[in-house]
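Fold and contact review
Single-letter residue listing:
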Amino acid sequence: AQSVTQLDSQVPVFEEAPVELRCNYSSSVSVYLFWYVQYPNQGLQLLLKYLSGSTLVKGINGFEAEFNKSQTSFHLRKPSVHISDTAEYFCAVSDLSGNTPLVFGKGTRLSVIA
Amino acid sequence: EAEVAQSPRYKITEKSQAVAFWCDPISGHATLYWYRQILGQGPELLVQFQDESVVDDSQLPKDRFSAERLKGVDSTLKIQPAELGDSAMYLCASSLSLYRDRVSYEQYFGPGTRLTVT
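None of these values were measured; they are calculated from a predicted model. (Residues numbered from 1 in each chain as written. Chains lettered and ligands numbered in written order. Predicted model: local features only at pLDDT ≥ 70, side-chain atom pairs only at ≥ 80, totals over all residues. Heavy atoms only, no water.)

1. Observations concerning the sheet that holds strand E3 (residues 19–24) of chain B
All names here are of chain B. With respect to topology, 4 strands assemble into an open sheet ordered E1-E3-E8-E7, the strand pairing being antiparallel. Edge positions in the sheet fall to strand E1 (5–7) and strand E7 (65–68), since each of these pairs with one other strand and no more. In this sheet, adjacent strand axes meet at a mean angle of 15° when their direction is disregarded. When E1 meets E3, the two strands line up antiparallel, connected through 3 bridges. The residue bridging Ala5 from the neighbouring strand is Asp24, located in E3. (Pairing = 2+ DSSP bridges. Helix = DSSP H or I, 4+ residues; strand = E, 2+ residues; numbered from the N terminus. Axes fitted to C-alpha atoms, helices over the stretch in contact; angles between N-to-C directions.)

2. Thoughts on the pairing of E3(B)
Residues and elements named next belong to chain B. A one-sided burial pattern is seen for E3, the buried positions being Val19, Phe21 and Cys23 and the unburied ones Ala20, Trp22 and Asp24. Summarising the sheet, E3 and strand E8 (residues 75–79) pair through 5 bridges and their orientation is antiparallel. Each bridged residue has a counterpart across the sheet, and for Cys23 the counterpart in E8 is Ser75. (Buried < 20%, exposed > 50% of the residue type's maximum accessible area, 1.4 Å probe, protein only.)

3. Considering unusual backbone geometry
B:Ser7 connects to B:Pro8 through a cis peptide bond whose omega is -10°. Among the structural elements, B:Pro8 can be located in the loop between E1 and strand E2 (10–13). Cis peptide bonds are those with omega within 30 degrees of zero, and the linkage from B:Gln80 to B:Pro81 qualifies with -5°. Tracing the backbone shows B:Pro81 in the loop between E8 and strand E9 (88–95). Even without a glycine there, the phi angle at A:Thr72 is positive, about 45°. If you trace the backbone, A:Thr72 turns up in the loop between strand E8 (64–68) and strand E9 (73–78). Classification of A:Thr72 by relative accessible area gives partly exposed; the value is 29%. A positive phi is found at B:Asp51, a non-glycine position, where the angle reads about 55°. Of note, B:Asp51 is situated in the loop between strand E5 (44–50) and strand E6 (53–56). Looking at B:Asp51, the relative accessible area reads 34%, which means it is partly exposed.

Laid out in structure tokens, this is it:
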């Protein structure tokens, strides 16, 4: 079984400042890793995913994440945030069979302050 | 771009009433998931379908919840009777598609149905 811990429930940050949203996972098997974004009263949109290969993954909207197997982490970063980045961000894992449910963390609320 | 459709977007019902949600996955997606997202939490799986068959419903409260995907396309999730604790966002996702001989397991989410039980 897998589990995901998002270390910060809320992250306030000023506009144009950098941000890092932290995610740690636990699993007895190798996993795929994902970050999703959710705007109010909407579904989830995939930001980026790590399946294999380079541990630095680039996604949409200028976000990137780095997979660190030894620390079982997959932290999300953006060098300069915008007001429009204000949303809930979820880290998720699945096993390598691919066609399995995602296990999500509890989410991190990113609030960008003008 | 193809999307997962869900209806209704919002539903308010009184406890002990029956309620149903509908999901139409992306065309060609064989796998369909229903997740429940309680306010302030991440989504949690309720049920997974592969075509018309249930793959995993271990977290579905079967005394009040039921789900079906009769023709392996769209799906309905029903709650009867609804309880106050069922207030949540119900998300549908679909995956497993073939494109130029590549298999993609990426899950695409619908906009969700926000259920409020009073």
